Amino acid sequence: MSTTQIFKNPRAQHNFQGRTCSITAVGSYVPERIMTNADMEKIVDTTDEWITTRTGIKERRIAAENEFTSDMAAKAAQRAMERAGVTAAQIDLIIVATITPDMMFPSTACLVQSKIGAKRAAAFDIEAACSGFIYAMEIGQQFIMSRTYETVLIIGAERLSSIVDWKDRNTCVLFGDGAGAAILQHRPDAHGLLTACMGADGDKAMLLCMPGGGSRIPATADSVEAGLHHLQMDGKETFKNAVNAMMSAATEALRRCEIDITQIKLVIPHQANRRIIDAVTERLKVKPDQVFVNLDKYGNTSAASVAIALDEAVQQNRLQRGDLALLVVFGAGLTWAAAVIEW
Ligand SMILES: CC(C)(COP(=O)(O)OP(=O)(O)OC[C@H]1O[C@@H](n2cnc3c(N)ncnc32)[C@H](O)[C@@H]1OP(=O)(O)O)[C@@H](O)C(=O)NCCC(=O)NCCS
């Protein structure tokens, strides 16, 4: 598809005066262990019926005891690299988006660099919670467009099972573990990432957070006792903000590309709650078969969520090369982002 076919307005072609950035391949990894809603019923006072009707989640994956965020990230990365035909030596930069790094420092990206043997690559983490993968995509794109780097590996990876409070039914049923990765490169025959718009609202930081473990509340016996090293969330407020932010980010991304929703083959939203996805896609007037949903299998895997969904959409042939997809995400911060990509 040529640029003029996609854009009605020549101003929207602005980005394409320079060098474009494409997703050469994607890959994902989820742990083997499945935890169903019936398993949840044995841990907290909940039911499959409650979880299914309020969220759409049926099961989630839980990392093995000795399986950490960097392990899952490296596995997803290797799958993306194989499909892209990219060797470890070709990777210039690794960006890992995560809120559950292996440790406070060094970065999980450095641990991944070692695990995949990408000796030449620079490596750093970013933290934009569930919006992290699209933030990473936009950052990676800048390095490709500016010709600083040829090959950027971006990863969203989470081990949320290590920070949820397994006694809190309000949160523990919602989250899961996993990783998704993409190789970003310039492909002369494709447009790739057409636009990404990102946003944040730090005034609402405390709606969804883990208060302990940073410089404000270092780990002490008291902080552990008070449960400050667990994820905490105001579910109702988070829900409302998610719908509004995803809706406006998606609308802005479409506006910037001068395209309308009918030109989008597939909408791939952050997989947090089926009701959030339905509220956003109904308002965008997206047909149900235009929306990719896999949260029933994985729950909310934060930064990994949209990356795993993109990979599954591609593997299931829901996206063909040349199709346009709208990715839209929301997370703690608050943060949000939307991207239009030509797959
Ligand atoms: C968490 C969420 C599913 C709760 O759904 P909800 O429709 O707002 O729930 P309600 O407030 O109507 O119901 C809450 C009631 O259900 C109970 N409840 C909460 N979790 C439960 C569970 N797992 N099983 C059974 N009951 C549960 C609460 O204790 C509360 O009971 P009460 O009314 O007696 O106090 C929903 O708010 C949500 O998804 N929010 C967004 C979360 C999210 O996506 N976060 C990540 C963003 S990236």
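Every value quoted in this text rests on a predicted model; they were computed, and no experiment measured them.

**Section: the pairing of strand S4 (residues 93-97)**
Two faces make up the sheet, and in a regular strand the side chains alternate between them.
Then comes step 1: Of all the 5 residues making up S4, 5 are buried; the element is thus mostly covered by neighbouring parts of the structure.
Then comes step 2: Neither face of S4 is left uncovered, since the one carrying Leu93, Ile95 and Ala97 and the one carrying Ile94 and Val96 both have all their residues buried.
Then comes step 3: Across 5 bridges, S4 lies against strand S5 (residues 122-126) in parallel orientation. Bridge assignment links Ile95 to a residue of S5, and that residue is Phe124.
Then comes step 4: Taking the sense of rotation as the criterion, the β-α-β connection linking S4, helix H5 (residues 108-116) and S5 turns out right-handed.
Then comes step 5: Pairing geometry for S4 and strand S6 (residues 152-159), over 5 bridges, is parallel. Across the sheet, the residue bridging to Ala97 is Gly156, located in S6.

**A word on the domain arrangement of the protein**
Where interface size is given, it is often the accessible area lost as the parts come together that is meant.
Then comes step 1: For the protein, the assigned domains are domain 1 (3-190) and domain 2 (194-342).
Then comes step 2: Between the C-alpha centres of domain 1 and domain 2 there is a distance of 13 Å.
Then comes step 3: On the side of domain 2, 46 residues touch domain 1, which itself brings 50 residues to the contact.
Then comes step 4: Secondary-structure elements contributing two or more residues to the side of domain 1 that touches domain 2 are strand S1 (22-29), strand S3 (59-62), helix H6 (132-145), S6, helix H7 (169-172) and strand S7 (177-185).
Then comes step 5: Residue classes in the side of domain 1 that touches domain 2 are distributed as 26 nonpolar, 15 polar and 9 charged.

**As for the site of the ligand**
Then comes step 1: Surrounding the ligand, one finds 21 residues, the nearest of these being Thr46, Arg169, Gly235, Phe239 and Ala272.
Then comes step 2: Counting residues per element, the ones that place at least two in the shell around the ligand are helix H3 (48-55), H7, helix H9 (235-257) and strand S12 (324-331).
Then comes step 3: Of the residues forming the shell around the ligand, the biggest block, 5 residues, is contributed by H9.
Then comes step 4: Looking at the shell around the ligand residue by residue, the class counts come to 10 nonpolar, 8 polar and 3 charged.

**Focus: the sheet that holds S1**
Then comes step 1: Ordered in space as S1-S7-S6-S4-S5, the 5 strands form an open sheet in which the pairing is mixed. Of all the strands in the sheet, just S1 and S5 have a single pairing partner and so form its edges. The average undirected angle you get between the axes of adjacent strands in this sheet is 15°.
Then comes step 2: Running at roughly 130° to S4, H5 makes contact with S4, S5 and S6 of the sheet.
Then comes step 3: In the packing of H6 onto the sheet, the strands contacted are S4, S5, S6 and S7, and the crossing angle to S6 comes to about 165°.

**A closer look at H6**
Then comes step 1: Between the first and last C-alpha of H6 there are 20 Å, a value that for 14 residues agrees with the 20 Å anticipated at 1.5 Å per step.
Then comes step 2: Across the 14 residues that make up H6, a large majority, 10, are buried.
Then comes step 3: Within H6, the full set of buried residues consists of Gly132, Phe133, Ile134, Tyr135, Ala136, Met137, Ile139, Gly140, Gln141 and Ile144.
Then comes step 4: Just downstream of H6 lies Arg147, where phi reads positive at about 65°.

**A look at the packing of H9 against helix H10 (residues 274-283)**
A pair of packed helices is captured by two measures, namely the crossing angle of their axes and the spacing between those axes.
Then comes step 1: Two elements in contact, H9 and H10, have axes separated by 9 Å at closest approach and are oriented at 35°. Viewed along their axes, H9 and H10 form a crossing whose handedness is right-handed. Contacts between H9 and H10 pair Phe239, Ala242, Val243, Met246, Met247 and Ala250 from the former with Ile276, Ala279, Val280 and Arg283 from the latter.
Then comes step 2: For the contact of H9 with H10, the class distribution of residues is 9 nonpolar, no polar and 1 charged.

**Side note on the nonpolar core**
Then comes step 1: Within the largest apolar cluster, 116 residues are counted, with the highest numbers of intra-cluster contacts made by Ile155 and Leu327.
Then comes step 2: The element that contributes the greatest number of residues to this core is H9, accounting for 9 residues.
Then comes step 3: Counting residues domain by domain, this core receives three or more from each of domain 1 (3-190) and domain 2 (194-342).

Here is what the cut-offs are and how they apply
Residues numbered from 1 in each chain as written. Predicted model: local features only at pLDDT ≥ 70, side-chain atom pairs only at ≥ 80, totals over all residues. Buried ≥ 20, exposed ≤ 12 C-beta atoms within 10 Å, placed from the backbone. Helix = DSSP H or I, 4+ residues; strand = E, 2+ residues; numbered from the N terminus. Pairing = 2+ DSSP bridges. Right-handed = clockwise from strand over helix to strand, strands pointing away. Domains from an automatic or database assignment. Contact = placed C-beta atoms within 7 Å. Nonpolar A, V, L, I, M, F, W, Y, C, P; charged D, E, K, R; others polar. Near = placed C-beta within 6 Å. Axes fitted to C-alpha atoms, helices over the stretch in contact; angles between N-to-C directions. Expected span 1.5 Å × (residues − 1). Left-handed = near helix turned anticlockwise from the far one by under 90°. Core = buried A, V, L, I, M, F, W, Y, C linked by C-beta atoms within 7 Å.

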